[in-house]
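Structure at a glance
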Amino acid sequence: AASAVGLISRVAPGVSPRPGRTASVPAGRGALQVVAAKKKSKRDQERKAAKRAEAKELNARFAAAKEDAGDEAEKDAAPAAKSGPAPYEGTGTVMQSLTICGSFKEKTGDKLLDGTVMVQEAAERLFNAPFVCASHDAEDVFNYGNQAALSLWGLPWDEFVGMPSTKSAQDDDGIQSERRELLDKAAESGVIRDYSGVRQASDGRKFKVDGAIVWTITNKDGEKTGQAVRFDSFTWLNEDGTEGEAMTVAEGGQLVPAKAAAPADEPKAGASPEDIEKAAKAVDEQAAEVRRLKDEQGLTNADPEVQDAVAELLKRKSAL
């Protein structure tokens, strides 16, 4: 009977062995369990390694996409920076523009800009005026130059403003001495009219200024804070010093040959209203063409197409 009970305890499911005894596990089954555990651990490690590799690849793709997006953003941003705010829109430039206009009226008794000009329009009008205008501070450092001045000296706004005004002329003792004498006289008298002198562009080309007005800018206490110049015609000089092409300034600060802007002969007596209307229409059409080149094609006064269009506009205006 005891033997039967022992046999039943070993084979009957759910029956625990007697206290003090340990259930035996076949050696073969234990070895299989160890092998299975190792295989499972290896598969887990392989899955984790695959996930890490996948995550690494995704991160690499994301970084590459981000870099490409950054490059595209820089490309897109470049034109925006180029077509950013105009120089005359800065607060400091607006204030300097008003100072220039006000001081000119004070020293000469004349308006620098024709017609009635609103304060908010003065800076833009002066920048695009049909004459060269520039100013420097009390230390002879340029703090303003309109479009015509920038075009004449061949410099962008950021390089012209902040440049010592001595660099506007040739580095020659005689020329620099004459320039200093001019500024000193303007400081004493307040204004000098019909000045004529030689200056030099950034590329080394020399030009002769004609009929310039130089005046001193002062504060409310009469102390000198700077000086300014205005002129609307000049002549390029050849390498041998002889006079070359005479130039003038058109609307928008465009530099054009003086012959293109020369007034036409007096209209013949008895010109019909139809002829006058036709000439006026031709002017309007050409003016529209200039605006189209700038607005639709994004060209500037420095582009040859705009220069040719402006020259044609001046011819048509002279005919009118």
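For the structure, see preceding data.
This report concerns the structure included in the present document. (Residues numbered from 1 in each chain as written. Predicted model: local features only at pLDDT ≥ 70, side-chain atom pairs only at ≥ 80, totals over all residues. Heavy atoms only, no water.)

**Some thoughts on helix H4 (residues 119–127)**
- Taken together, the buried positions of H4 are Ala122, Ala123, Leu126 and Phe127. For H4, the angular spread of buried residues about the axis comes to 115°, placing them on one side.
- The secondary structure elements touched by the buried residues of H4 are helix H3 (91–108), strand E1 (132–137), strand E2 (142–145), helix H5 (147–153) and helix H6 (157–160). (Buried < 20%, exposed > 50% of the residue type's maximum accessible area, 1.4 Å probe, protein only. Helix = DSSP H or I, 4+ residues; strand = E, 2+ residues; numbered from the N terminus. Arc of directions from axis to C-beta. Contact = heavy atoms within 4.5 Å.)

**Quick notes on the packing of aromatic side chains**
- Taken as a whole, this structure holds 10 aromatic pairs when the rule is applied.
- With a centroid separation of 5.4 Å and an interplanar angle of 50°, the aromatic rings of tyrosine 88 and phenylalanine 127 are classed as tilted. Within this pair, whereas tyrosine 88 is found in the loop between helix H2 (27–82) and H3, its partner phenylalanine 127 is found in helix H4, the two being separated by 39 residues in sequence. Of the two residues, tyrosine 88 and phenylalanine 127, neither departs from the other in class, the shared state being buried.
- Taken together, a centroid distance of 5.6 Å and an interplanar angle of 65° make the contact between phenylalanine 207 and phenylalanine 234 edge-to-face. Here the residue phenylalanine 207 occupies a position in strand E4 (residues 206–218), and phenylalanine 234 occupies one in strand E6 (residues 233–237), the gap between them amounting to 27 residues. With respect to burial, phenylalanine 207 and phenylalanine 234 carry one shared label: buried. (Phe/Tyr/Trp six-rings, centres within 6.5 Å; stacked < 30°, edge-to-face > 60°.)

**Overview of the environment of arginine 125**
- For arginine 125, the location among the structural elements is in helix H4.
- Looking at arginine 125, the relative accessible area reads 33%, which means it is partly exposed.
- For the pair arginine 125 and glycine 252, spaced 127 residues apart in sequence, the C-alpha to C-alpha distance is 8.8 Å.
- Each residue touching arginine 125, except ones within four places of it in the same chain, is listed here: Leu113, Asp114, Thr116 and Val117.

**Focus: the pairing of strand E5 (residues 224–231)**
- Within E5, 6 of the 8 residues are buried, which leaves the element mostly enclosed by the surrounding structure.
- Relative to E5, E4 runs antiparallel, the two being bridged by 6 bridges. In the sheet register, threonine 216 faces E5, and the bridge partner there is glutamine 227.
- Once E4 ends, the chain turns through 5 residues before running back antiparallel as E5, passing glycine 222 with a positive phi of about 85°. (Pairing = 2+ DSSP bridges.)

**Some remarks on the nonpolar core**
- Of all hydrophobic cores here, the largest spans 47 residues; its most connected members are Leu126, Leu152 and Phe231.
- The element contributing the most residues to this core is E4, with 7 residues.
- Setting aside its immediate chain neighbours within four residues, phenylalanine 231 contacts Phe131, Val132, Leu152, Trp153, Val209, Asp210, Gly211 and Ala212. (Core = buried A, V, L, I, M, F, W, Y, C linked by side-chain atoms within 4.5 Å.)

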